[in-house]
Amino acid sequence: MTESPCAAMTKLKMPREHKAKICLWADLSFHSMGLIEKAQTTDQLKSVLVELFRLQDAATNPRSAILLDLYFYTVQFCRENGFNREQTSALFSIVKKTHEACTETPLGNVDQCYNYFIDLVFCHAVKRPPFSIDLFDQDQVQLVTEYVVNTYFRHFKLYKYVFTPQVRHESFFPA
């Protein structure tokens with residue numbers, strides 16, 4: 001018995017708005033940041049990220065390899081721009097949460113994801129406890145925004161294609 005196209009459509013997650021929350025230490029703990037700071041080479045840093053996020057199959061699984069690259073280059077960006085532990089942890093989680101929001105549905109949600117990303121950044125750039133903290137200054141907000149727009153959002157459709165199930169729309173017309 002096959003499912004009707006309408007029934008299959010109702011199982012798809014619809015794009016939705018996300019509420020930004022402070023995500024300092026959410027994905028990279030203080031201890032994890034210590035391990036990352038000790039990694040001196042590209043291979044060492046990738047090994048740490050593989051262990052932290054269970055990406056051991058990155059050599060054979062394209063999704064894991066892409067995630068590893070996303071995480072690695074996020075940490076590299078933080079290093080190149082002199083971000084401290086707190087800023088690195090927060091930006092890493094911002095990128096990770098943005099990616100998770102992007103890939104929660106195969107339907108188009110670039111606007112919701114971009115708005116969520118901006119809300120997350122400002123949640124870490126304006127002091128309004130307990131809703132936000134001033135972790136990034138104005139120049140860093142601009143750097144972070146340009147980096148994520150020029151890397152993640154520039155390749156948004158590619159991330160969508162790799163990380164979400166493909167949806168095929170079939171139209172039936174009576175004969």
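Residues numbered from 1 in each chain as written. Predicted model: local features only at pLDDT ≥ 70, side-chain atom pairs only at ≥ 80, totals over all residues. Heavy atoms only, no water.

1. Some words on the pairing of strand S1 (residues 125-128)
Here S1 runs beside strand S2 (residues 132-134); their pairing, made up of two bridges, is antiparallel. Its bridge partner lying in S2, arginine 128 is registered against serine 132. Here S1 hands over to S2 after three residues, the two strands then running antiparallel side by side. (Pairing = 2+ DSSP bridges. Helix = DSSP H or I, 4+ residues; strand = E, 2+ residues; numbered from the N terminus.)

2. What about the confidence of the model for the chain?
Model confidence for the chain is summarised by a mean pLDDT of 91, while 93% of its residues fall at 70 or above. Within the model, the stretch residues 3-8 combines pLDDT values under 50 with three contacts to residues more than four positions away or in other chains. (pLDDT = per-residue confidence, 0-100. Contact = heavy atoms within 4.5 Å.)

3. Topic: the side chain of asparagine 109
Among the secondary structure elements, asparagine 109 is positioned in the loop between helix H5 (85-102) and helix H6 (110-123). Side chain to side chain, asparagine 109 and lysine 160 meet in a polar contact 2.8 Å long. Ignoring anything within four residues of it in the chain, the contact list for asparagine 109 reads Pro15, Ala101, Cys102, Phe156 and Lys160. (Polar contact = N/O pair within 3.5 Å; in protein donor to acceptor, adjacent residues only side chain to side chain.)

4. A closer look at the environment of phenylalanine 83
Within the secondary structure layout, phenylalanine 83 lies in the loop between helix H4 (62-80) and H5. What makes phenylalanine 83 buried here is its relative accessible area of 9%. Apart from residues no more than four positions distant in its own chain, phenylalanine 83 is found in contact with Phe77, Cys78, Thr88, Leu91, Phe136, Gln140 and Val144. (Buried < 20%, exposed > 50% of the residue type's maximum accessible area, 1.4 Å probe, protein only.)

5. Quick notes on H6
For an α-helix the count is 3.6 residues per turn, leaving residues at separations of three or four pointing the same way. The first and last C-alpha atoms of H6 sit 20 Å apart over 14 residues, in line with the 20 Å expected at 1.5 Å per residue. Buried residues of H6: Gln112, Cys113, Tyr116, Phe117, Ile118, Leu120, Val121 and Cys123, and no others. On its buried face, H6 sits against H5, S1, S2, helix H7 (138-151) and helix H8 (156-163). (Expected span 1.5 Å × (residues − 1).)

6. Quick word on H5
Between the first and last C-alpha of H5 there are 26 Å, a value that for 18 residues agrees with the 26 Å anticipated at 1.5 Å per step. For H5, the capping residue at the N-terminal end is asparagine 84, with a side-chain oxygen 3.1 Å from the backbone nitrogen of glutamate 86.

7. Digging into the packing of aromatic side chains
For the coordinates displayed, the defined rule picks out 16 aromatic pairs. Arranged with centres 5.1 Å apart and planes meeting at 25°, the rings of phenylalanine 53 and phenylalanine 92 form a pair that is stacked. In this pair, phenylalanine 53 sits in the loop between helix H3 (42-52) and H4 while phenylalanine 92 sits in helix H5, placing the two residues 39 residues apart along the sequence. Each of the two residues, phenylalanine 53 as well as phenylalanine 92, counts as buried. (Phe/Tyr/Trp six-rings, centres within 6.5 Å; stacked < 30°, edge-to-face > 60°.)

8. Some remarks on the packing of H3 against H4
Following both chains from N to C, one finds H3 and H4 inclined at 125°, their axes separated by 10 Å at the closest point. Put simply, H3 runs oblique to H4. Regarding H3 and H4, the two cross each other, and that crossing is right-handed. Of H4, the residues touching H3 (which contributes Thr42, Leu45, Lys46, Leu49 and Val50) are Leu68, Asp69, Tyr71, Phe72, Val75, Gln76 and Arg79. Looking at the contact of H3 with H4 residue by residue, the class counts come to seven nonpolar, two polar and three charged. (Axes fitted to C-alpha atoms, helices over the stretch in contact; angles between N-to-C directions. Parallel < 35°, antiparallel > 145°, perpendicular 65-115°, else oblique. Left-handed = near helix turned anticlockwise from the far one by under 90°. Nonpolar A, V, L, I, M, F, W, Y, C, P; charged D, E, K, R; others polar.)

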